[in-house]
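For reference, the chains in residue letters:
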Amino acid sequence: MKFKALVIDIDGTITHMDRKLSLEAAAKLRSLDIPVVIATGNVLCYAKAAAKLVGVCCNIIAENGGVIVDGFDKVPIISNVIHECEEAYEFLSGTFDLEKLDSVHRKTEIVLRNNFDVEEARQLLGSRFPGVEIIDTHFAIHIKSRKINKGTGLLKMAELMGLKTSDFVAIGDSVNDLEMLEEAGFAIAVGNADDFLKDVADYVSKATYGDGTAEAIDYLLSRSLI
């Protein structure tokens with residue numbers, strides 16, 4: 001079958017290890033004849049800028065599914081879940097010296113510098129905040145609602161685009177891409193991806209980071225999957 005759209009993470013997937021954009025991956029994505037959706041844990045303004053630079057603007061899933069927009073000038077859909085995340089943050093602040101990142105722009109989650117014991121923080125939250133989870137994307141620590149993720153974001157984006165999630169190819173590298181890859185019709189993990197992500201992937205690139213995405217797109221084209 002041919003897939004009708006592609007959804008892809010940014011950091012670690014279309015970038016190099018140092019987070020610089022892979023020009024080869026960007027060129028491959030820009031050349032596709034199907035819509036490309038950016039799905040990221042980053043804030044919407046960052047995601048929009050990245051999508052513009054890559055040349056695939058502007059269907060975006062930001063903040064791990066918490067913020068969704070299907071067009072540059074559209075009003076974003078924002079999940080109302082920040083309150084429980086803020087409560088969890090305040091609770092953890094009693095034990096850890098936490099440093100927020102880009103908090104001015106965050107609408108649905110709290111993002112922290114990775115300078116504290118994440119596993120201890122998870123244990124402290126325990127059953128006190130059952131609706132909140134802490135994830136480590138290797139670039140930052142996210143305190144987020146369990147109700148939303150890139151998979152739920154893909155469900156909504158597919159609806160907005162008049163597609164089914166099974167119409168999508170998904171490409172990612174980290175824990176916050178798991179639900180997105182599980183939801184998509186075809187899942188790809190780049191070579192630097194976490195092992196559990198490779199376990200659910202239909203294809204794992206030999207190359208890593210942005211080079212892995214370029215390889216994956218060549219694979220999809222060679223087999224007429226897109």
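Criteria and cut-off values
- Residues numbered from 1 in each chain as written.
- Predicted model: local features only at pLDDT ≥ 70, side-chain atom pairs only at ≥ 80, totals over all residues.
- Heavy atoms only, no water.
- Helix = DSSP H or I, 4+ residues; strand = E, 2+ residues; numbered from the N terminus.
- Rg over C-alpha atoms; globule rule 2.2 N^0.38 Å.
- Buried < 20%, exposed > 50% of the residue type's maximum accessible area, 1.4 Å probe, protein only.
- Contact = heavy atoms within 4.5 Å.
- Areas by Shrake-Rupley, 256 points an atom, 1.4 Å probe, with all protein chains shown as cover.
- Lys, Arg positive; Asp, Glu negative; His and termini not counted.
- Charge placed at Lys NZ, Arg CZ, Asp CG, Glu CD.
- Pairing = 2+ DSSP bridges.
- Axes fitted to C-alpha atoms, helices over the stretch in contact; angles between N-to-C directions.
- Core = buried A, V, L, I, M, F, W, Y, C linked by side-chain atoms within 4.5 Å.
- Polar contact = N/O pair within 3.5 Å; in protein donor to acceptor, adjacent residues only side chain to side chain.
- 1 Å grid on protein atoms, 1.4 Å probe; cavity = no way out; pocket = protein on both sides within 12 Å on 5 of 7 lines; lining within 4 Å.
- Points joined across faces, edges and corners; volume = space filled by probe spheres on them.
- Nonpolar A, V, L, I, M, F, W, Y, C, P; charged D, E, K, R; others polar.

Participant: I keep staring at the overall build of the protein and nothing clicks. Help me out?
Facilitator: Along its length, the protein carries eight helices and eleven strands. Here the C-alpha atoms of the protein give a radius of gyration of 17 Å, agreeing with the 17 Å that 2.2 N^0.38 yields for 226 residues. Across its three principal directions, the C-alpha atoms of the protein cover 55 × 35 × 30 Å. Burial analysis of the protein (226 residues in total) assigns 54% to the buried set. Long-range contacts, defined here as pairs at least 24 residues apart, represent 56% of the contacts in the protein between residues at least 6 apart. Per element, the accessible surface of the protein, about 10100 Å² overall, is 50% carbon and sulfur. In the protein, which carries 24 positive and 35 negative side-chain charges, the distance between the mean positions of the two groups comes to 5 Å.

Participant: Explain the sheet that holds strand 6 (residues 110-112) here, please?
Facilitator: Strand pairing in a sheet is mediated by backbone hydrogen bonds. Such pairs are either parallel or antiparallel. The strand order across the open sheet formed by three strands is 6-8-7, and the pairing between neighbours is antiparallel. The two strands at the open ends of the sheet, each matched to only one other strand, are strand 6 and strand 7 (132-136). When the angles between neighbouring strand axes are averaged without regard to direction, this sheet yields 20°. By the bridge criterion, five bridges tie strand 7 to strand 8 (residues 141-145) in an arrangement that is antiparallel. When the bridges of strand 8 are listed, Asp 136 appears paired with Ile 141. Where helix 3 (residues 82-93) meets the sheet, its contacts fall on strand 6, strand 7 and strand 8, and the angle it forms with strand 8 comes to roughly 135°. Contacts from helix 4 (residues 118-125) reach strand 7 and strand 8 within the one sheet, and its direction differs from that of strand 7 by about 175°.

Participant: Explain the nonpolar core to me, please; I cannot follow it from the model alone.
Facilitator: In a soluble, globular protein the nonpolar side chains are often hidden away together inside. Of all hydrophobic cores here, the largest spans 35 residues; its most connected members are Leu 6, Leu 29, Ile 38, Ile 60, Val 169, Phe 186 and Leu 220. Here the element with the most residues in this core is helix 2 (residues 44-54); it accounts for five residues. Ignoring anything within four residues of it in the chain, the contact list for Ile 38 reads Ile 8, Ile 10, Ile 14, Ala 47, Ala 51, Val 56, Asn 59, Ile 60 and Ile 61. Of all hydrophobic cores here, the second largest spans 20 residues; its members include Ala 158, Phe 168, Ala 170 and Ala 189.

Participant: What exactly am I supposed to notice about the side chain of Arg 106 here?
Facilitator: Summarising the element assignment, Arg 106 is placed in the loop between helix 3 and strand 6. A distance of 2.6 Å separates a polar atom in the side chain of Arg 106 from the backbone oxygen of Gly 41. A distance of 2.6 Å separates the side chain of Arg 106 from the side chain of Glu 109, its partner in a polar contact. Among all residues touching Arg 106, those that are not within four sequence positions of it are Gly 41, Asn 42, Val 43, Glu 63, Leu 101, Val 111 and His 142.

Participant: Please clarify how the layout of surface pockets should be interpreted in this entry.
Facilitator: The rolling of a water-molecule-sized probe over the atoms marks out the regions of remaining empty space. Of the pockets and cavities examined, the largest pocket occupies roughly 220 Å³. Around the largest pocket, the lining comprises 18 residues; the ones closest to its centre are Asp 11, Arg 19, Asn 42, Thr 137 and Phe 139. When its residues are assigned to classes, the lining of the largest pocket shows four nonpolar, seven polar and seven charged.

Participant: Help me understand unusual backbone geometry in this model?
Facilitator: Trans peptide bonds make up most of the peptide bonds, and negative phi angles are found at most residues other than glycine. Here Cys 57 and Cys 58 are connected by a cis peptide whose omega angle stands at 10°. In this structure, Cys 58 sits in the loop between helix 2 and strand 3 (59-62). At Arg 19, a position not held by glycine, the phi torsion is positive, near 75°. When you line up the elements, Arg 19 lands in the loop between strand 1 (5-8) and helix 1 (23-30). For Arg 19, a relative accessible area of 38% puts it in the partly exposed group. The phi dihedral of Glu 63 is positive, around 50°, even though this residue is not glycine. Topologically, Glu 63 is positioned in the loop between strand 3 and strand 4 (67-70). Look at Glu 63 and you get buried, because its relative accessible area is 1%.

That is the geometry; function is a separate question.
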